[in-house]
Amino acid sequence: MEYREIGKTGMKVSNLSFGASSLGGVFHQIKEEEGIRAVHTAIESGINFIDVSPYYGYLKAETVLGKALKGIDRNKYYLSTKVGRYGKDGVNHWDYSAQKATESVYESIERLNIDYIDLINVHDIEFADLDMVCNETLPALVELREKGIVKHVGITNLTLRHFKYIIDKVPEGTVESVLSFCHYCLNDDALTDYIDYFETKKIGVINASPFSMGLLTERGAPNWHPAPKPLQDLCRKAVNHCKSKGVSIEQLAIKYSVSNPRIATTLFSTTRPEAVIQNIVWVKQALDEELLHEVQTILAPRFRDTWLNS
């Protein structure tokens, strides 16, 4: 595995990392024991960064991950979780208050069977009152950082411009990393517009969803996917083109997403140990530049199409 530092945090993480959303059954029902084996396989294979949230599966992902982490040397992984977005009984809710953020951190620590959190994020700030994030949520997390309960503080978001709004309004050093999803993949590289800015602020960049939430997979996007239909149609065309070349688009997509050395790591999510191994193999292979150009040409008419989160 290749290891890169997240900004100036000192955390040197594998360029491919494990997103634990699947452990919550976010995409389909899971077999818990298989999911636990997937976590173990990732760590044993050199993946040392794991990201989760109390929102994923409405606490289930953290609970299953906590079981998986029991007995594993704490020095073998960095763990990232989140505050602000939650849910219960099929209903999403958001709470970015300082009190809830603090409570949420301690609750996550208990579910995850750990003593501290390496990286705590404000989750999906596009749903928040951004000024509240600046004035309440982040100060509460900084206070926990000063106590050593969390080591580093970050923010996650789909709408890229919100990162800059927050970072410009809080004291320097408050935000140490950003987690962006669906903006550095085959059909959208808008994240690159902001990397210079992040680097001037000494902020590390984490990329998520190299498969664009299923658009760039042979299985195809789930029915709830918010991408506009013309983009979905082009992605299906790109999938079929890769198949005609004897290559799965997943292989090209994940290799492309880890190929930018200015992005510390790219998160993928699975509950299948064999998928963990397969993704690692793909990441270690050379990028097929010719196929990449062909796929980018197919996707060009809808390149950087985006959507509202849901």
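Being a predicted model, the structure only gives us computed values, none of them experimental. Sequence order as written defines the numbering, with residues in each chain counted from 1. With the structure being a predicted model, the display of local features is reserved for residues of pLDDT at least 70 and the display and counting of side-chain atom pairs for 80 or more, all residues being used for whole-chain, interface and lining totals. As a rule here, side-chain values cover all heavy atoms of the structure and leave hydrogens and water aside.

Caption draft 1: Spotlight on the overall build of the chain. Per the secondary structure count, the chain includes 10 helices and 12 strands. Relative to its length of 310 residues, the chain is compact, with a C-alpha radius of gyration of 18 Å against a globular reference of 19 Å. Its C-alpha atoms put the chain at 55 × 40 × 40 Å along the principal axes. A buried classification covers 59% of the 310 residues belonging to the chain. Note on definitions: a residue-residue contact is assigned when non-hydrogen atoms from the two residues lie within 4.5 Å. Counting only contacts in the chain whose residues sit at least 6 apart along the sequence, the fraction spanning at least 24 positions is 77%. We get accessible surface area from the Shrake-Rupley algorithm with a probe of 1.4 Å; when it comes to residues, only the shown protein chains can shield them. Summed over its atoms, the accessible surface of the chain is roughly 13200 Å², and 48% of this surface lies on carbon and sulfur atoms. Here Asp and Glu are counted as negative and Lys and Arg as positive; His is not counted, and neither are the chain ends. One atom stands in for each charge, and that atom is NZ of Lys, CZ of Arg, CG of Asp or CD of Glu. The average position of the 35 basic charges and that of the 40 acidic charges among the side chains of the chain differ by 3 Å. Per the convention used, a helix needs a DSSP run of H or I reaching at least four residues, while a strand needs a run of E reaching at least two, with both numbered from the N terminus. Here the radius of gyration uses the C-alpha set of atoms, whereas the globule reference equals 2.2 Å times the residue count to the power 0.38. Note on classification: 1.4 Å probe, protein chains only; a residue is buried when its accessible area is under 20% of the maximum for its type, exposed when over 50%, partly exposed between these limits.

Caption draft 2: Representation of the packing of helix 5 (residues 160-169) against helix 6 (residues 192-200) within the structure. Their axes nearest at 10 Å, the elements helix 5 and helix 6 cross at an angle of 15°. Taken together, the axes of helix 5 and helix 6 lie roughly parallel to each other. In this structure, the crossing between helix 5 and helix 6 has a hand that is left-handed. Facing helix 5, whose interface residues are Leu-160, Arg-161, Phe-163, Lys-164, Ile-167 and Asp-168, helix 6 presents Tyr-194, Tyr-197 and Phe-198. Residue type decides the class: Asp, Glu, Lys and Arg count as charged, Ala, Val, Leu, Ile, Met, Phe, Trp, Tyr, Cys and Pro as nonpolar, and the leftover types, Gly among them, as polar. For the contact of helix 5 with helix 6, the per-class residue count stands at 6 nonpolar, no polar and 3 charged. Think of each axis as a best-fit line through the C-alpha atoms, taken over the contacting stretch in the case of a helix, with angles from 0 to 180 degrees between the N-to-C directions. Here the word oblique covers every angle except those under 35 degrees (roughly parallel), over 145 (roughly antiparallel) and from 65 to 115 (roughly perpendicular). For any pair of crossing helices, the crossing counts as left-handed if the nearer helix is rotated counterclockwise from the farther one by less than a right angle, and right-handed if it is rotated clockwise.

Caption draft 3: Representation of the sheet that holds strand 3 (residues 16-19). Two strands form a pair only when DSSP identifies at least two bridges running between them. In spatial order, the strands read 3-4-5-8-9-10-11-12; together these 8 strands close into a barrel with parallel pairing. Taking the axes of each pair of neighbouring strands and ignoring which way they run, one obtains an average angle of 30° across the sheet. Judged from the 3 bridges that link them, strand 3 and strand 12 (residues 265-268) form a sheet pairing that is parallel. Its bridge partner lying in strand 12, Leu-16 is registered against Thr-266. Taken strand by strand, helix 4 (residues 130-146) contacts strand 5 (78-83), strand 8 (117-122) and strand 9 (150-157), and its axis lies near 155° from that of strand 9.

Caption draft 4: Spatial organisation of the packing of aromatic side chains. Think of it this way: a Phe, Tyr or Trp ring, Trp meaning its six-membered ring, pairs with another when their centres are within 6.5 Å, and the plane angle makes it stacked under 30 degrees, edge-to-face over 60, tilted otherwise. Evaluation of the coordinates by the stated rule reveals 8 aromatic pairs. Judged by centre distance (5.0 Å) and plane angle (10°), the ring pair of Tyr-184 and Tyr-256 falls under stacked. Linking Tyr-184 in the loop between strand 10 (177-181) and helix 6 with Tyr-256 in helix 8 (residues 249-257), this pair joins segments that are 72 residues apart in sequence. Of the two residues, Tyr-184 and Tyr-256, both sit in the buried class. Put simply, the rings of Phe-163, Tyr-194, Tyr-197 and Phe-198 pair up and form one aromatic cluster. Over the ring of Tyr-116 we find Arg-74, and its NZ or CZ is 4.2 Å from the ring centre. Note on criteria: charge over ring means Lys NZ or Arg CZ within 6 Å of the ring centre, with the direction from the centre no more than 35 degrees off the ring normal. Cation over ring: Lys-100 sits above Tyr-86, and NZ or CZ is 4.6 Å from the ring centre.

Caption draft 5: Spatial organisation of the packing of helix 7 (residues 229-244) against helix 10 (residues 289-299). Across the interface, helix 7 lies against helix 10 with an axial gap of 9 Å and an inter-helix angle of 155°. On the basis of the axis angle, helix 7 is roughly antiparallel to helix 10. Read as a crossing pair, helix 7 and helix 10 show a hand that is right-handed. Along its contact with helix 7, which presents Leu-234, Cys-235, Lys-237, Ala-238, His-241 and Cys-242, the element helix 10 presents Leu-291, Glu-294, Val-295, Ile-298 and Leu-299.

Caption draft 6: Representation of the pairing of strand 9 in the model. The element strand 9 is largely enclosed, with a buried count of 7 among its 8 residues. Direction of pairing for strand 8 relative to strand 9: parallel, over a ladder of 5 bridges. Looking at strand 9, one finds that Asn-121 is bridged to Gly-154. Orient the strands so they point away from the viewer, and a crossover whose first-strand-to-second-strand path over the helix runs clockwise is right-handed. This β-α-β element, strand 9 to helix 5 to strand 10, shows right-handed connectivity.

Caption draft 7: A look at the pairing of strand 12. The alternating pattern of strand 12 places Thr-265 and Leu-267 on one face and Thr-266 and Phe-268 on the opposite face, and all of these are buried. Across 3 bridges, strand 11 (residues 204-208) lies against strand 12 in parallel orientation. Of the residues in strand 12, the one forming a bridge with Asn-207 is Thr-266.

Caption draft 8: Expanded view of the pattern of salt bridges. A side-chain nitrogen of Lys or Arg and a carboxyl oxygen of Asp or Glu constitute a salt bridge if their distance falls within 4 Å. On inspection of all chains with the given rule, the structure shows 17 salt bridges. In this structure, Arg-302 engages Asp-305 in a salt bridge whose closest nitrogen and oxygen atoms are separated by 2.7 Å. Note on Arg-302: relative accessible area 28%, which makes it partly exposed. Connected through shared salt-bridge partners, Asp-189, Asp-193 and Arg-304 make up one network.

Caption draft 9: Summary view of the environment of Pro-261. Residue position: Pro-261 is located in the loop between helix 8 and strand 12. Taking the C-alpha atoms as reference points, Pro-261 and Arg-4, 257 residues apart in sequence, are found 7.9 Å from one another.

Caption draft 10: Expanded view of helix 8. Across the 9 residues that make up helix 8, a large majority, 8, are buried. Considered for burial, the residues of helix 8 that qualify are Ile-249, Glu-250, Leu-252, Ala-253, Ile-254, Lys-255, Tyr-256 and Ser-257. For helix 8, the elements touching its buried residues are strand 3, strand 11, helix 7, strand 12, helix 9 (273-284) and helix 10.

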